[in-house]
Number of protein chains: 2
Amino acid sequence: MVEHFADRLAALVEQRRSRVVLGLDPDPAALWPVALAGDPGAGDPAQRAADAVARHCAAAIDAAGEACVAVKLQLACFERLGAAGWRALAEVRASAADAGLLAIADGKRGDVPVTASAYAQALVGCTPTPFGPVAGLGADAITANPLLGRDSLDPLIDAAAATGAGVFLLVSTSNPGAADLQDLDAGGAALHERVAALADAAGAQQTGQCGLSMVGAVAGATRPERLARLRELMPRAIFLMPGVGAQGGDPAALGPAFAPHPAAGLITASRSIVGAGGEGHGDPAARAAAAAEDLRAVTWNL
Amino acid sequence: MVEHFADRLAALVEQRRSRVVLGLDPDPAALWPVALAGDPGAGDPAQRAADAVARHCAAAIDAAGEACVAVKLQLACFERLGAAGWRALAEVRASAADAGLLAIADGKRGDVPVTASAYAQALVGCTPTPFGPVAGLGADAITANPLLGRDSLDPLIDAAAATGAGVFLLVSTSNPGAADLQDLDAGGAALHERVAALADAAGAQQTGQCGLSMVGAVAGATRPERLARLRELMPRAIFLMPGVGAQGGDPAALGPAFAPHPAAGLITASRSIVGAGGEGHGDPAARAAAAAEDLRAVTWNL
């Protein structure tokens, strides 16, 4: 019997009194000194960079993980290092599990049904081959792009549900350009409200014992004024909220996200934890630990 | 001086009298016998499956490549084999180049600007690291999801333009569920028409000597009745058209795509070439070669 994603998350939120997600977007040009110190000094640049990225992420998890409930792994940052990067991604995913953290694979995938099934195998399932099954990343949750419609999401949602994982659909993203399409009027409601309705419908039959669904929504913290409306449209969805810190979102404005349940909102922070205080000002691990704990405390009491 | 994507494509289309793209969506459970025959009989399942996938794709390129101008690499099908799959992807990309084919990395990526830059490094650029630059996949073109708006696309477009690559934005996809959001009325025009306008604007300053832009559009062959209108909205865009063959699209209905230029439309076919005739009926390579040549001839004369 697989435990439901929302129930796993809810237990962790309660236990850690936290709804902070540690965003890991490792840039090989801005790694912590400890990650560089482990370099052997020779070898394939991609492999050395990927190993350094894995050390950097492990150190960030060590430093800040205790104040968090999950890590968000930015797949692009691993993909750019090719096969070595993909191996580092699996290592970081294991480091997160060792620290008791859920792992959200942030790849924003979205494709036609047959391809969506392949992404599901890559991220939450496994792939049958003539040589035996090949396990995927084993993510606890993924992000997905809904532009291709419901039939493109069902394979991801079904595969995630089968393994106790979650799917966060992009409803209202945190970048300024999001307005170009997401805020268009689509027959009396903004497009992001249409997507919210789609997310709610897709997740309605997928709730855990805590009442929350395994189909959640990405809702940028940069537009807090719309959270109440999104909550109305998606009463069961867990909101994954990027955009605090470096992107300017104010954690204090995120209250409506948490109305249905203490685990109904997750606040992701990347640069404002891992890069807290800027470069060259003391120990980045100590600064990351303090920044994560600050964010935990501020957002726990909303 | 980097040669423009559209000019590179136009020369190849003229030389090969073809606008067929060989879709490579390798399923480890449905590989050609020649791919399985090369298996060493022992070892890590992921590595064996990835090696078999690379042999399968190389054989498909050998068989059908001559009738085509490009391959379309379905990234999901490689990602599901992890690091070994990513290595196979790079090998297949090299096989395509050896056969004189352009490589379209079909990942449908789309993310906030800083992450879009990382995807650009992964697919068309390279990543600076303290150990030296790490080259990305080196794709000749990529597909991208426009839901996050113009600022999420510019890093991909700029990086592609700098290396003579192209970007195909998802305008009207080939799956039935596409209608859920893409066909919503968005202030007097369907959402896919809004995306078409965005694609046209993004590519207006990015045309080659042939007059076509390096910003193209994915326009499913399953909805040929809308191609004339999309062509009106995007007079300079190269249309990448999936959906013929297995998905039911009729090549004869695609005429409007080619109106501005012989290279203004590309027809992608995956299962209908690589799996032509079904399993267990003679040599798949001979059937693939015949199916690709048929499609080339039919679509060249439109």
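Bear in mind that the values here come from a model prediction, so they are computed numbers and not experimental data.

Trainee: Would you take a moment to explain the overall build of chain A for this structure?
Mentor: For chain A, the helix and strand inventory stands at 12 helices and 10 strands. Taking 302 residues into account, the globule formula puts the C-alpha radius of gyration at 19 Å, and chain A, at 19 Å, falls close to it. With the principal axes as the frame, chain A shows a C-alpha extent of 60 × 50 × 40 Å. In chain A, of all internal contacts separated by at least 6 residues, the share reaching a separation of at least 24 is 73%.

Trainee: Teacher, can you tell me more about the interface of chain A and chain B here?
Mentor: Note on interface size: it is often stated as the accessible area lost on association of the parts. Every contact between the two is made by 63 residues of chain A and, on the other side, 63 residues of chain B. For the side of chain A that touches chain B, the secondary-structure elements that each account for two or more residues are helix H3 (45-64), helix H4 (75-79), helix H5 (82-98), helix H6 (113-123), helix H7 (150-162), helix H8 (179-182) and helix H9 (191-203) of chain A. For the side of chain A that touches chain B, the element with the highest residue contribution is H6 of chain A, accounting for six residues. Here the side of chain A that touches chain B is composed, by residue class, of 34 nonpolar, 18 polar and 11 charged.

Trainee: When you look at the relation of the copies chain A and chain B in this model, what are you seeing that I'm missing?
Mentor: Here the second copy of the chain follows from the first by a rotation about an axis and a shift along it. Between chain A and chain B, the superposition needs a rotation of 180° and an axial shift of 0.0 Å, giving an RMSD of 0.0 Å. Classification of the inter-copy transformation places it as that of a two-fold axis.

Trainee: In this structure, what is going on with the sheet that holds strand S9 (residues 239-241) of chain B? I would like to understand it.
Mentor: Each strand in a sheet pairs with another by means of backbone hydrogen bonds, the pair being arranged parallel or else antiparallel. Residue and element names in this part refer to chain B. Ordered by their spatial adjacency, eight strands build a closed barrel running S1-S2-S3-S6-S7-S8-S9-S10, and the pairing between neighbours is parallel. Across the sheet, the mean angle separating the axes of adjacent strands is 30° when strand polarity is ignored. The pairing of strand S2 (residues 70-74) with strand S3 (residues 102-109) spans five bridges and is parallel. Residue pairing across strands places leucine 73 opposite alanine 105, the latter belonging to S3. Docked against the sheet, helix H3 (residues 45-64) engages strand S1 (20-24) and S2, running at close to 160° with respect to S1. Here helix H12 (residues 284-300) sits on the sheet in contact with S1 and strand S10 (265-269), set at roughly 145° to S1.

Trainee: Would you explain the nonpolar core in this entry?
Mentor: As a rule of thumb, nonpolar side chains are buried together in soluble globular proteins. Residues Ile142, Leu169 and Ala217 of chain A together with Leu169 and Ala217 of chain B are the most contacted members of the largest nonpolar core, which totals 238 residues. Among residues more than four places away in sequence, those in contact with alanine 217 of chain B are Phe168, Leu169, Val171, Ala196, Ala199, Leu230, Met234, Ala237 and Phe239 of chain B.

Trainee: Where do I start with helix H7 (residues 150-162) of chain B in this structure?
Mentor: Because each turn of an α-helix spans 3.6 residues, side chains separated by three or four positions end up pointing in the same direction. Residue and element names in this part refer to chain B. The first and last C-alpha atoms of H7 sit 18 Å apart over 13 residues, in line with the 18 Å expected at 1.5 Å per residue. Restricting attention to buried positions, one finds in H7 the residues Ser152, Leu153, Pro155, Leu156, Ile157, Ala159, Ala160 and Ala161. Buried residues belonging to H7 abut helix H6 (113-123), strand S6 (141-144), strand S7 (166-172), helix H9 (191-203) and strand S8 (215-219). A positive backbone phi angle near 70° is found at glycine 164, which sits one or two residues after H7.

Trainee: Before we go on, may I ask you to explain helix H1 (residues 5-16) of chain B in this structure?
Mentor: Residues and elements named next belong to chain B. With 12 residues, H1 ought to run about 16 Å at 1.5 Å a step, and its terminal C-alpha atoms sit 17 Å apart, in line with that. Those residues of H1 not exposed but buried are Phe5, Ala6, Arg8, Leu9, Ala10 and Val13. Lining the buried residues of H1 we find S3, S6 and S7. Of the residues trailing H1, arginine 17 is marked for its positive phi of about 45°.

Trainee: Just to check I follow, could you spell out the confidence of the model for chain A for this structure?
Mentor: Low pLDDT means the predicted coordinates in that region are not meant to be read closely. With 99% of its residues at a pLDDT of 70 or more, chain A has an overall mean of 96. Across the interfaces of the predicted complex, the ipTM metric reaches 0.98, alongside a pTM of 0.98.

Trainee: Quick question: what am I supposed to make of the sheet that holds strand S1 (residues 20-24) of chain A here?
Mentor: Residue and element names in this part refer to chain A. If you walk around this closed barrel you meet the eight strands as S1-S2-S3-S6-S7-S8-S9-S10, and the pairing is parallel. Strand-to-strand twist across the sheet, computed as the mean angle between neighbouring axes with direction ignored, equals 30°. Here strand S6 (residues 141-144) pairs with strand S7 (residues 166-172) via four bridges, running parallel. Across the sheet, the residue bridging to alanine 141 is glycine 166, located in S7. Set on the sheet, H7 makes contact with S6, S7 and strand S8 (215-219); between it and S7 the angle comes to about 145°. The strands touched by H9 within the sheet are S7 and S8, with S7 carrying the most contacts at an inclination of about 160°.

Trainee: Sorry, what's going on with the pairing of strand S10 (residues 265-269) of chain A here?
Mentor: The side chains of a regular strand alternate, residue by residue, between the two faces of the sheet. All names here are of chain A. Summarising burial for S10: five of the five residues are buried, a large majority. Burial along S10 is two-sided: Gly265, Ile267 and Ala269 and Leu266 and Thr268, pointing in opposite directions, are all buried. Where S1 and S10 come together, three bridges link them in parallel fashion. What sits directly across from valine 20, in S10, is isoleucine 267. Of the pairings in the sheet, the one linking strand S9 (residues 239-241) to S10 comprises three bridges and is parallel in character. From the neighbouring strand, leucine 240 faces S10, where its bridge partner is leucine 266.

Trainee: Before we go on, may I ask you to explain the packing of H6 of chain B against H7 of chain B in this structure?
Mentor: The packing of two helices is summarised by the inter-axis angle and the distance between the axes. Residue and element names in this part refer to chain B. Remark: H6 packs on H7, axes separated minimally by 8 Å, with the N-to-C direction vectors making an angle of 25°. With respect to their mutual orientation, H6 and H7 come out roughly parallel. The hand of the H6/H7 crossing is right-handed. Contacts between H6 and H7 involve Pro113, Ala116, Ser117, Tyr119 and Ala120 from the former and Asp151, Ser152, Pro155, Leu156 and Ala159 from the latter. The class makeup of the residues in the contact of H6 with H7 is seven nonpolar, two polar and one charged.

Definitions and cut-offs
- Residues numbered from 1 in each chain as written.
- Chains lettered and ligands numbered in written order.
- Predicted model: local features only at pLDDT ≥ 70, side-chain atom pairs only at ≥ 80, totals over all residues.
- Helix = DSSP H or I, 4+ residues; strand = E, 2+ residues; numbered from the N terminus.
- Rg over C-alpha atoms; globule rule 2.2 N^0.38 Å.
- Contact = placed C-beta atoms within 7 Å.
- Nonpolar A, V, L, I, M, F, W, Y, C, P; charged D, E, K, R; others polar.
- Least-squares fit on C-alpha atoms with pLDDT ≥ 70 in both.
- Pairing = 2+ DSSP bridges.
- Axes fitted to C-alpha atoms, helices over the stretch in contact; angles between N-to-C directions.
- Core = buried A, V, L, I, M, F, W, Y, C linked by C-beta atoms within 7 Å.
- Buried ≥ 20, exposed ≤ 12 C-beta atoms within 10 Å, placed from the backbone.
- Expected span 1.5 Å × (residues − 1).
- pLDDT = per-residue confidence, 0-100.
- Parallel < 35°, antiparallel > 145°, perpendicular 65-115°, else oblique.
- Left-handed = near helix turned anticlockwise from the far one by under 90°.

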